[in-house]
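A closer look at the structure
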Amino acid sequence: MKLSGGVEWALHCCVVLTAATEPVPAARLALLHDVSPSYLAKQMQALSRAGLVKSVQGKTGGYVLTRAATAITVLDVVQAVDGADPAFVCTEIRQRGPFGTPPQDCTKPCPIARAMSAADAAWRASLQTVSIADLVGSVETDSGPEALPRIGTWLNGASTPRD
């Protein structure tokens, strides 16, 4: 399974939005992550369509999370950006070629489709157990408790990255 790069950016944005005290423009998030503003805007729009963030209009507009970080899972973000379709789609190869199984004999998924479906379900179940709040906790453990508040201050325009 391969996820798009947009998933990484969207997850990072959700994590840092927890530190902001006011809406954050997509351009500011793009600057923080050193990514194209138009590329990041696409990810933020996907998060908005999924109801994970909302866009606040006006002079101090930008994006905010729509619910607590404990209520947004990594799977929610993955599905918002990359969709909910399974990673593997069976094309019934077993029905093709000179030894193909007749369609009427294919009454259940083949062993390969079953294995891939089980793997897909397992990774989705795993991502469903990790919330944005869990990621925030890991950032605090890995980078120190001051890291996200410092980013939040910068996102709100009150300091420079070197302060």
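Quick notes on the rules
- All chains use their own residue numbering, which begins from 1 and follows the written sequence.
- In view of the model being predicted, local features appear only for residues whose pLDDT reaches at least 70, and side-chain atom pairs are presented and counted only at 80 or more, with totals across whole chains, interfaces and linings using the full set of residues.
- Calculation of side-chain values draws on the structure's entire complement of heavy atoms; hydrogens and water are dropped beforehand.
- Aromatic contacts are taken between Phe, Tyr and Trp rings whose centres are within 6.5 Å, Trp giving its six-membered ring; a plane angle under 30 degrees counts as stacked, one over 60 as edge-to-face, and the others as tilted.
- By definition, being over a ring means that NZ of Lys or CZ of Arg is both within 6 Å of the ring centre and within 35 degrees of the ring normal.
- Here, nonpolar core refers to any group of buried Ala, Val, Leu, Ile, Met, Phe, Trp, Tyr and Cys residues whose side-chain atoms link them within 4.5 Å.
- Think of it in three bands: with a 1.4 Å probe and only protein chains considered, a residue is buried below 20% of the maximum accessible area for its type, exposed above 50%, and partly exposed in between.
- A helix here means a DSSP run of H or I that spans at least four residues, while a strand means a run of E at least two residues long, and both kinds are numbered starting from the N terminus.
- When checking whether two residues touch, look at their non-hydrogen atoms; a contact exists if any pair is within 4.5 Å.
- pLDDT is a per-residue confidence score from the predictor, ranging from 0 to 100.
- For the purposes of these results, a polar contact is taken to be a pair of N or O atoms within 3.5 Å, where, inside protein, one atom must be able to donate a hydrogen and its partner to accept one; residues adjacent in sequence count only when each atom of the pair is a side-chain atom.
- Any two cysteine sulfur atoms within 2.5 Å of one another count as a disulfide.
- Interaxial angle, 0 to 180 degrees, is taken between N-to-C directions of lines fitted to C-alpha atoms, where a helix line uses only the stretch in contact.
- Should an angle lie under 35 degrees it is considered roughly parallel, over 145 roughly antiparallel, and from 65 to 115 roughly perpendicular; all remaining angles are considered oblique.
- Handedness of each helix crossing follows the sense of rotation of the near helix against the far helix: counterclockwise by less than a right angle gives left-handed, clockwise gives right-handed.

Let us now look at the packing of aromatic side chains. Each aromatic ring pair is specified by the distance between its two centres and by the angle formed by the two planes. Tallying each qualifying case throughout the model produces zero aromatic pairs. Taking the ring centre of Trp154 as reference, the NZ or CZ of Arg28 above it sits at 3.8 Å.

Another point: the nonpolar core. Counting 37 residues, the largest nonpolar core has Leu17, Leu29, Met44, Leu47, Val77 and Ile132 as the members making the most contacts within it. Listing elements by their share of this core, those giving two or more residues are helix H1 (5–17), helix H2 (26–33), helix H3 (37–49), strand S2 (62–65), helix H4 (74–82), helix H5 (111–128), helix H6 (132–143) and helix H7 (147–155). No other element matches the eight residues that H1 contributes to this core. Apart from the residues lying within four places of it in its own chain, the contact partners of Val77 are Val7, Ala10, Leu11, Cys14, Leu47, Leu52, Ile72 and Ile132.

On to the confidence of the model for the protein. Averaged over the protein, the pLDDT score is 92; the fraction of residues at 70 or greater is 96%. Per-element confidence in the protein is highest for H4, whose mean pLDDT is 97, and lowest for H2, whose mean pLDDT is 93.

On to the side chain of Gln43. Positionally, Gln43 belongs in helix H3. With relative accessibility at 6%, the residue Gln43 sits in the buried group. At 3.2 Å, the side chain of Gln43 forms a polar contact with the backbone oxygen of Tyr39. Sequence-distant contacts of Gln43, that is, excluding residues within four places in its chain, are made with Gly6, Ala10 and Val81.

Taken as a whole and judged by the stated rule, the model has zero disulfides. Left unpaired, Cys13 is separated from the closest cysteine sulfur, that of Cys14, by 7.1 Å. Cysteine Cys110 shares no disulfide, and the gap to the nearest cysteine sulfur, in Cys90, comes to 4.7 Å. Classification of Cys110 by relative accessible area gives buried; the value is 12%.

A word on the environment of Gly62. Looking at the element boundaries, Gly62 is found in strand S2. The spacing of Gly62 and Ala26 is 36 residues in sequence and 6.5 Å in space, taken between C-alpha atoms. Those residues in contact with Gly62 that lie beyond four places of it in its chain are Pro23, Val24, Pro25, Lys54, Ser55 and Val56.

Considering the arrangement of structural elements, one finds Asp76 in helix H4. Side-chain polar atoms of Asp76 contact the backbone nitrogen of Thr73, separated by 2.8 Å. Among residues more than four places away in sequence, those in contact with Asp76 are Leu52, Arg67 and Ala71.

The next point concerns the packing of H2 against H7. If you want to describe how two helices pack, look at the angle between their axes and the distance between the axes. Running from amino to carboxyl end, H2 crosses H7 at an angle of 135 degrees, the nearest separation of the two axes being 10 Å. Of the possible angle classes, the one that applies to H2 and H7 is oblique. Crossing of H2 against H7: the hand is right-handed. Mapping the contact onto sequence places Arg28, Leu29, Leu31 and Leu32 in H2 and Ile151, Trp154 and Leu155 in H7.

The phi dihedral of Asp34 is positive, around 55 degrees, even though this residue is not glycine. Residue position: Asp34 is located in the loop between H2 and H3. Note on Asp34: relative accessible area 73%, which makes it exposed. For Glu92, which is not a glycine, the phi torsion comes out positive at approximately 55 degrees. Examined against the element boundaries, Glu92 turns out to sit in the loop between H4 and H5.

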